[in-house]
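# Geometric and topological summary
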Amino acid sequence: MSRYRIPGMGRVDPAAPVSFTFDGRSYQGLRGDTVASALLANGVHLMGRSFKYHRPRGVVTAGSEEPNALIGTSRGPGRFEPNTRATVQELRAGLTTESQNKWPSLKFDIGAVNDRAYMLFSAGFYYKTFMWPRSFWDKVYEPFIRAAAGLGKSPAEVDPDSYAHRNLHTDVLVVGGGAAGISAALTAAKSGARVVLVDENPEMGGSLLSDPSVRIDGRGSWAWLAEQLSQLRAAGVRLMTRTTAIGYYHQNFVGLVERVTDHLDQPPHGAPRERMWHVRAEQVVLAQGALEKPLVFDGNDRPGVMLAGAAQTYLNRYGVKVGDNAAVVTSHDSAWYAAFDLVDAGARVAAIADTRDSVRPDLVEAARKRGILVLTGHTATATEGRLRVKSVRVNPVRNGQVGAGRKIPCDALLICGGWTPSLHLFSHTKGSLTWDADSRTFLPDHKTEACQIAGAGRGLWGYGFVLEDGVKAGIAAAQALGRSADASDARVEGDRPGTGISQKELPTDRSPGKAKAFVDYQNDVTAKDIRLAVREGMRSIEHVKRYTTNGMATDQGKMSNINGLMIAADALGKEPPQVGLTTFRPPYTPTSFGAFAGYHKGATFEITRKTPIDPWAEAQGAVFEPVSLWRRAWYFPKAGEDMHAAVARECRATRASVGMFDASTLGKIEVAGPDAVEFMNRMYTNPWTKLQPGRCRYGLLLGEDGFIRDDGVIGRMSPDLFHVTTTTGGAARVLNMMEDYLQTEWPDLDVWLTSTTEQWATVAVNGPNARKVLEKLVEGLDLSDTNFPHMSVAECTVAGLPARLFRISFTGELGFEVNVPARHGLQLWKAIHEAGQQYDICPYGTETMHVLRAEKGYIIVGQDTDGTVTPQDAGLDWAIGKAKKDFVGKRSLSRPDIVAPNRKQLVGLLTEDGRKLEEGAQIVLDPSQSLPMTMAGHVTSSYDSVALGRPIAMAVVTGGLSRMGETVHIPMPDGTIRATITSTNFYDPAGERLKA
Amino acid sequence: MTTQRHDFDPTPFLVEELPWAPRFSLRVRPENRAALAGALGLELPTAVGQRSTAGGVEVLCLGPDEWTILAPDAAPLAAGSGAAYAQIPHSLVEISDREITLRLSGAQALTALTTGCPRDIDAMPVGQGARTLFDSATVILWRDDRQDFRMDVWRSFLPHVRALLDQVMVELKSGL
Amino acid sequence: MLLIHCPYCDATLPEAEFAYAGEAHISRPADPSALSDEEWRDYLFIRTNARGPHFERWRHIHGCGRFFNAVRDTVSDRFLMTYKAGEARPDLTVKEAAE
């Protein structure tokens, strides 16, 4: 048994020792321990160094609010986590832990020189110090700050763990499994409501776990607890331990993080490390209890100084005494009970110094009976001890005068500055707070959500009150759900009610300017820093917070906010509510990125859509590129080919003979109904009335602002039926836009829209031999140019499959697009590939598609347009039905800005020296103008063209369409490139090849 | 007390890909619903989420003017639609290949769905259905029994949905 | 994440199933060509930017697919009500008086 473990006490399993290491040394704890309790059982208080001054620090709390005992934990390769709270991490076999912020060792740390230089590091240090000279910033200041900043070290490897996600809907969510939460949950469950009870600890019970001497309904509190839990289970309550409510959002939406495996010696295969729960509850009961505050005085941060409630928890829950000879400094009754428990367990308590002049006589009597020296009306003014507290100096305070100090030797100092309700989740909902002048603390006031608040979370103290309050909250929740719940009451014996006061920093007989009286342990903020901030002009508590960093550490000010406010209010000469409290924001405790990501990592990071032909491309070794959510074959390299070579070969083969392309990702919309043509006329710029069934047309879609939104070829299948295609990325957007107009502007039209993007698989066949390939496969249709000219569409059979066949081209070659039901897509692809072997048919990817279309000057919406390009700008006036009275965007085409001269217009660019331009490169008209130059446009598309034997580019240039033949300049880092403005139709400008 | 025991579950739920079957999207104005239902010999429920089954044809009302129809024999439906069109304007579009249907069944089928569906699936009555979300994919969910669901997923989204369900399967098998 | 009542499904469902669609009760002019440049500008770009109750459109895009109208308080981010597309803008003073 470890030196400080008390046999027969605590809820740990004495028969189950667990080994672990801390800073390379092996220790033994017990099953049920946290790392903190196990280290304390071994007499280890020094667990870390502080962030700024590198002061030695020990554990202060026994819960998730711990500011000091942050450790690095490792659970095997890739499983290192910094800043784990030793008070939360449960012991498990083989756990490796290490302290942080120290070098070379925890006991001897070079960085502690900061502590000697503390005068330099006062509030606003960064703002004041790193101001000048400016040239020092890059070389001196930033490297210094970067080296000194950061808490713990970041993991360097990919997290091998999995994380899970759930959505949960319930009638009642109770947050906090202490006395109030349990009674609320049971009361609500008995009304028939679905109830979820969550608690961040490994077991339910809250403070009951630290108060075994209290008796409820004639039983010890632990026996009562066990009985309540079995009743909760029987009532169907979902009990979730190790589960932290991290955020409370609108309409009772609460985020929970469940720690699933970090406590297990051998996590089962596939078990997630953590699970994020999105809970939607009709009613929420907040029963989170209260957090103990430290007292602020010089030396209140030495290892061995801890909250009295924490010491009580270590004793009763873990069977660990935090020292042999403790002293207590308090302003609240609760610390007296902690002292009594320690003495009753065999430790010595030298003295209780209480800042209050008068304390309940029964407490004083009980202390004296235990041989504890009672010092009321006292302050603490110093502690001693380098790596562990050795003594505390206390002084009497009479009429505001601090008397002579006396030194009390101790190896543990228990402090208690009162309790503050855990207001965090309530504050997430923007619930308002009220200042309770008696207890000098904030309490929850006006609620914005359907919630109840019970127990110590609203300032109640003592199990009798808290249990009664929990029942009330349960009844209120049930009644809000329209259910009736019965009241029940519990009989509490040996209750420990108490009161206390909140204080600013304790008075001292020494110079307050030299006191290291810590308010925020984690960020090393002292009372002096807060007063300095006020002196330097900070008036709002939000400014004080940012100037001093008080409450901005990973513990989110759980222990420091109220103390900081007390001091700031005193410095400002105001009451605390007039100064106000800073806002608590989610998450309640530090939360891993993994928990937020859930299943979205690796292959399921985001959706990857695949076409029916994707498996073939993958088998052929295609290189893929993402296009919106799709992955598309980019190019099909042959052995030894790089991208450039592969694309050049694909381009050459398609123009010389025939190529094939998976166009399945194109958006497709079936527009059907008696008013289909009227709808098309209103949506698209083009005229549709005279388009005959069996013919198709390039369609251009604008927004009402007149800018190009989308385009695509649209076939009229019958008088009342259009087969609309959209860009790959625009499919959902276009359908949404069409539905919007149809449902809200033109509900009188008899027309319906159905997405058929995924109903069809689409294969484009392009090249002079395209017809010859398809003729072998097509039945029921004469493919000759006479019968089936360019821009035709027909239903027929291709390779034995029912098909919609389009004669269209996005390459400038003779082209067809075959649509078959998607389940046959791969079969169609293979059939065309086989039929094309005679003509060396070449599968090509999106890159070749881009090159071939650019050679023809066909635009890609979103690449050559950017949301500010009109049809005129893009040279697409011909696509506008001039005779149409109206269509979406028409009115904007005559707005002053749209008809103004010198708009950027889409043109071709050919470089004089034959260099390929970079897409996005800026264009200027006069390269010798002074800086900054006037930009005249930018390159939108640029490729090496095999057909033209040179690079080509498209660009938007100010007034470009009237600058044909002019020279523009593209300044690049290695010199300025000259280019000539040309038409975008680089290849076969007469379009002879289309008509083949 | 720290729990170190957990129960492995070899088959928390079952995922099957159902074979191809004819499927249609039917759209008609609500005021013409009854007439069209009569003409096509279908029962077209009026409330979103309601289903009907008659003569082997299943219908799910997805929106106030939208129904998904599973008709093993497509020909009569198409013929009826063509005949009724002039009198009762509507749209009947075949979407048999657009979605692929997964069947999820078994003791934890509902749990598996709660990993991706934000709406309260447990509150959906058996025998109803809805278009909703699974992860970021739009799906159509059919609840056939308490722990028996069909989920129609757009074809290209299926690999993602299945990969998620595979992860969930591994997770649920672990018993934690 | 908010809960939104879809007036077509008559169900209150998670926000993730819905998409915002801009301010409500801005009808496309019957004859845009009759509008002055200023009038057309106002139709295109000028919006209320309300502090408080805001009339706006949502679409139950991952559900029944319908566009509908809502009144949402932009300060509290709470929905006051939702109603079907095409219905008249509700009189909030009447609604408040009734509550």
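Residues numbered from 1 in each chain as written. Chains lettered and ligands numbered in written order. Predicted model: local features only at pLDDT ≥ 70, side-chain atom pairs only at ≥ 80, totals over all residues. Heavy atoms only, no water.

As a measure of interface size, the accessible area lost when the parts come together is often cited. On the side of chain B, 48 residues touch chain A, which itself brings 57 residues to the contact. Counting each side, the surface lost to burial between chain A and chain B is near 4,300 Å², with a carbon and sulfur contribution of 54%. Between chain A and chain B we count five salt bridges in total. Where chain A touches chain B, the interface holds 25 residue pairs in polar contact (both at pLDDT 80 or more). Elements that contribute at least two residues to the side of chain A that touches chain B include exactly strand 8 (163–175), strand 36 (667–672) and strand 40 (752–755) of chain A. In terms of residue count, the dominant contributor to the side of chain A that touches chain B is strand 8 of chain A (five residues). Of the residues that constitute the side of chain A that touches chain B, the class distribution is 20 nonpolar, 18 polar and 19 charged. (Contact = heavy atoms within 4.5 Å. Buried area = accessible area lost by both parts, 1.4 Å probe. Salt bridge = Lys/Arg side-chain N within 4 Å of Asp/Glu carboxyl O. Polar contact = N/O pair within 3.5 Å; in protein donor to acceptor, adjacent residues only side chain to side chain. Helix = DSSP H or I, 4+ residues; strand = E, 2+ residues; numbered from the N terminus. Nonpolar A, V, L, I, M, F, W, Y, C, P; charged D, E, K, R; others polar.)

So, on to the environment of P577 of chain A. All names here are of chain A. Following the sequence through the fold, P577 ends up in helix 15 (residues 576–579). A relative accessible area of 39% places P577 in the partly exposed class. Spatially, the C-alpha atoms of P577 and F788 are 83 Å apart, while their sequence positions differ by 211 residues. Those residues within four positions of P577 in sequence are excluded, and the remaining contacts are W435 and F442. (Buried < 20%, exposed > 50% of the residue type's maximum accessible area, 1.4 Å probe, protein only.)

All names here are of chain B. By domain assignment, chain B separates into domain 1 (14–18 + 98–173) and domain 2 (23–94). Once you take the C-alpha centre of each, domain 1 and domain 2 turn out to be 25 Å apart. Facing 15 residues of domain 1, the contacting portion of domain 2 comprises 10 residues. For the pairing of domain 1 and domain 2, the buried interface totals around 1,000 Å² over both sides, and the portion due to carbon and sulfur atoms is 47%. Inspection of the domain 1/domain 2 interface yields four salt bridges. Where domain 1 meets domain 2, there are nine residue pairs in polar contact (both at pLDDT 80 or more). Counting only elements with at least two residues in the side of domain 1 that touches domain 2, the list comes to strand 7 (99–105), strand 8 (129–134), strand 9 (137–145) and strand 10 (148–154). When residues of the side of domain 1 that touches domain 2 are assigned to their parent elements, the largest contribution, five residues, is made by strand 9. A per-class count over the side of domain 1 that touches domain 2 returns five nonpolar, four polar and six charged. (Domains from an automatic or database assignment.)

Before going further, it helps to spend a moment on a nonpolar patch on the surface. Residue and element names in this part refer to chain A. A cluster of nonpolar side chains, contributed by W103, F108 and I110, occupies part of the molecular surface with about 390 Å² of accessible area. Among the structural elements, W103 can be located in the loop between strand 7 (95–98) and helix 2 (113–116). Here W103 falls in the exposed class, since its relative accessible area comes to 62%. (Patch = residues over 30% accessible without salt bridge, like charges linked within 9 Å, V, L, I, M, F, W, Y side chains within 5 Å. Areas by Shrake-Rupley, 256 points an atom, 1.4 Å probe, with all protein chains shown as cover.)

Let us look at the pattern of salt bridges. This model, assessed by the stated rule, comprises 79 salt bridges over all chains. The closest approach of N and O atoms between D144 of chain B and R150 of chain B, which form a salt bridge, is 2.8 Å. Given a relative accessible area of 28%, D144 of chain B falls into the partly exposed group. One network of salt bridges, in which partners are shared, links R75, R79, E81, D161, D262 and R273 of chain A.

Residue and element names in this part refer to chain A. Here we have six strands laid out as an open sheet, ordered 48-49-50-47-52-51, and antiparallel in their pairing. Two strands close off the open sheet at either side, each with one partner strand: strand 48 (922–923) and strand 51 (967–972). Relative to strand 50 (residues 950–958), strand 47 (residues 904–911) runs antiparallel, the two sharing six bridges. Counted as the bridge partner of V907 is A955 from strand 50. Along the sheet face, helix 23 (residues 846–855) touches strand 49 (937–945) and strand 50 and points at about 110° away from the line of strand 49. (Pairing = 2+ DSSP bridges. Axes fitted to C-alpha atoms, helices over the stretch in contact; angles between N-to-C directions.)

Residue and element names in this part refer to chain A. Ranked by size, the top nonpolar core spans 81 residues in total, and within it Y314 and L414 carry the most contacts. Ranked by the residues each element gives to this core, the list is headed by helix 8 (residues 334–344), at eight residues. Setting aside residues no more than four positions away along its own chain, L414 makes contact with M306, A308, A311, V322, A326, A327, V328, V329 and L342. Core analysis: the second largest hydrophobic core is formed by 34 residues, L777, L783, V818 and A835 among them. (Core = buried A, V, L, I, M, F, W, Y, C linked by side-chain atoms within 4.5 Å.)

Moving on, we come to the packing of helix 5 (residues 179–190) of chain A against helix 6 (residues 221–234) of chain A. Residues and elements named next belong to chain A. Interhelical geometry of helix 5 versus helix 6 gives an angle of 30° and a closest axis separation of 10 Å. In terms of orientation, helix 5 lies roughly parallel with respect to helix 6. Read as a crossing pair, helix 5 and helix 6 show a hand that is left-handed. Contacts from I182, A185, L186 and K190 in helix 5 reach L225, Q228, L229, Q231 and L232 in helix 6. Classifying every residue of the contact of helix 5 with helix 6 gives six nonpolar, two polar and one charged. (Parallel < 35°, antiparallel > 145°, perpendicular 65-115°, else oblique. Left-handed = near helix turned anticlockwise from the far one by under 90°.)

Here we take up the environment of I26 of chain C. Structurally, I26 of chain C is set in the loop between strand 3 (19–23) and helix 1 (37–45). Along the chain, I26 of chain C and L44 of chain C lie 18 residues apart, while their C-alpha atoms are 9.4 Å from each other. Non-local contacts of I26 of chain C, meaning those with residues more than four positions away in its chain, are made with E745 of chain A together with Y43 and R47 of chain C.

The interface is formed by 13 residues belonging to chain B together with 13 residues belonging to chain C. Interface area for chain B against chain C, summed over the two sides, is near 930 Å², with a carbon-plus-sulfur share of 59%. Interface area lost by chain B to chain C is led by P64, R119 and L133 of chain B, which between them contribute 43%. Linking chain B to chain C there are two salt bridges. Of all the elements in the fold, those that place two or more residues in the side of chain B that touches chain C are strand 4 (57–63) and strand 8 of chain B. No other element matches the three residues that strand 8 of chain B contributes to the side of chain B that touches chain C. Each residue belonging to the side of chain B that touches chain C can be placed in one class, and the counts come to five nonpolar, three polar and five charged.

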